[in-house]
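Chain by chain, the residues run as shown.
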Amino acid sequence: MSTPTIGFIGLGLMGGAMVGRLQDKGYALTVVANRTRTHVDAAVARGATEVTTAKAVAEASDIVMLCMDTSDNVEARMRGPEGVIAGLKPDAVVIDFGTSLPGSTKVLGQEVAAAGGTLLDCPIGRTPMHAKDGLLNLMGSGDKAAFDRVKPVLDDLGENVFHLGALGTGHTIKLINNFYAQACANAMAESFAIADVMGVERQAVYDVMSAGPLKSGMMDFITAYALEGNDANLAFSIKNAAKDVGYYAQMCANAGVSSMMSGSTLDSLKASIDAGRGEDFVPHQVDFFADTFKA
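Anyway, here's the lowdown on the structure attached to this text. Keep in mind that what you see is a predicted model, and the values were worked out from it rather than measured.

1. With respect to the layout of surface pockets
So, step 1. Put simply, the second largest pocket is a space of about 160 Å³.
So, step 2. In this structure, the second largest pocket is lined by Phe179, Tyr180, Ala183, Asn186, Ala187, Glu190, Met261, Ser264, Thr265, Ser268 and Phe289.
So, step 3. Listing elements by their share of the lining of the second largest pocket, those giving two or more residues are helix H9 (169–198) and helix H13 (262–274).
So, step 4. With six residues, H9 is the single largest residue contributor to the lining of the second largest pocket.
So, step 5. Considering only residue class, the lining of the second largest pocket consists of six nonpolar, four polar and one charged.

Following this line, the structure appears as structure tokens:
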């Protein structure tokens, strides 16, 4: 397609950074406020058009992008008389960048197709810091012809842009990815807290562990907070981490199996939320474990 008009719904930390990147690349944006105005106001100040409904976003856009926190919220923005589906232009492409349940995605895909459009799932890897520079990992799936049409736009957002298969494949892989990521993050956070209990320096723990096969980006994200108080490398809330691990467990259950490994990670995240830490970033799990072990 020629330079498309883009609608964006869900301007949180990640969505706001993505919109900023799209504006840097010269795309015309239509946006709608969701929970907060910070990134909406910034986008409008740079020339984006603000509307009041998801339907109006769709009516103005060749590509509608959603970056929402839950499948329920995606469904709410997609359906109904003021939803995206009601306002779709012919041959429009809708892209769900969130981390959603694959079953929900497949049902919405049928509804979008019935309205004359195409739904792609394209969940995100990496952080808002990567988004502002167009360095995301994008796990696309769905109709290949539609994917190829929008890939130039995805290439402006992502360093690594994958087409992984049929609709729902991207969300499936993202949930597997996020389960593994949170299992590692929470294991590393507990490791530092146990080091405190045992009277061992956190730096010594990191020096030994990072010298072997455990060395990873996730280890370094947690270590940056544990040693330096820097949580910006993993700007992802504990409540969203719990949602993703919970979705992973639900996806497994829907497939007729029970995850054996996600339970302890999810229990830790939920306990942290119950302790009032849900809005904190995941690296703060170091503090949750440390405080728990002191109790």
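2. Description of the packing of helix H1 (residues 13–24) against helix H8 (residues 144–157)
So, step 1. Two elements in contact, H1 and H8, have axes separated by 9 Å at closest approach and are oriented at 110 degrees. As summarised for this structure, H1 and H8 are arranged roughly perpendicular, according to the angle between their axes. For the crossing formed where H1 meets H8, the hand is right-handed. Packed against H1, whose contacting residues are Met18, Arg21 and Leu22, the element H8 presents Val153, Asp156 and Leu157 at the interface.
So, step 2. Residues of the contact of H1 with H8, tallied by class, amount to four nonpolar, no polar and two charged.

3. Points about the nonpolar core
So, step 1. Judged by nonpolar contacts, the single largest core of 33 residues is most densely connected at Phe8, Met18, Met65, Ile95 and Phe97.
So, step 2. Those elements that place two or more of their residues in this core are strand E1 (6–9), H1, strand E2 (29–32), helix H2 (38–45), strand E4 (63–66), strand E5 (93–96), strand E8 (136–140) and H8.
So, step 3. Residue contributions to this core peak at six residues, all from H8.
So, step 4. In contact with phenylalanine 97, not counting residues within four places along its chain, are Met18, Met65, Leu66, Cys67, Cys122, Pro123, Ile124, Leu138, Leu154 and Leu157.
So, step 5. Counting 26 residues, the second largest nonpolar core, distinct from the first, contains Met188, Leu234, Ala242 and Val245.

4. Focus on the packing of helix H12 (residues 238–254) against H13
Packed helices, taken two at a time, are described by the angle their axes make and the gap between the axes.
So, step 1. Following both chains from N to C, one finds H12 and H13 inclined at 150 degrees, their axes separated by 9 Å at the closest point. In terms of orientation, H12 and H13 fall into the roughly antiparallel class. Note on packing geometry: the crossing formed by H12 with H13 is left-handed. Between H12, through Ile238, Lys239, Ala241, Ala242, Val245, Gly246, Tyr248 and Ala249, and H13, the contact on the second element is made entirely by Ser262, Thr265, Leu266, Leu269, Ser272 and Ile273.
So, step 2. Of the residues assigned to the contact of H12 with H13, the class counts are nine nonpolar, four polar and one charged.

Cut-offs and rules
Residues numbered from 1 in each chain as written. Predicted model: local features only at pLDDT ≥ 70, side-chain atom pairs only at ≥ 80, totals over all residues. Heavy atoms only, no water. 1 Å grid on protein atoms, 1.4 Å probe; cavity = no way out; pocket = protein on both sides within 12 Å on 5 of 7 lines; lining within 4 Å. Points joined across faces, edges and corners; volume = space filled by probe spheres on them. Helix = DSSP H or I, 4+ residues; strand = E, 2+ residues; numbered from the N terminus. Nonpolar A, V, L, I, M, F, W, Y, C, P; charged D, E, K, R; others polar. Axes fitted to C-alpha atoms, helices over the stretch in contact; angles between N-to-C directions. Parallel < 35°, antiparallel > 145°, perpendicular 65-115°, else oblique. Left-handed = near helix turned anticlockwise from the far one by under 90°. Contact = heavy atoms within 4.5 Å. Core = buried A, V, L, I, M, F, W, Y, C linked by side-chain atoms within 4.5 Å. Buried < 20%, exposed > 50% of the residue type's maximum accessible area, 1.4 Å probe, protein only.

Keep in mind that these numbers describe shape and distance, not what the molecule does.
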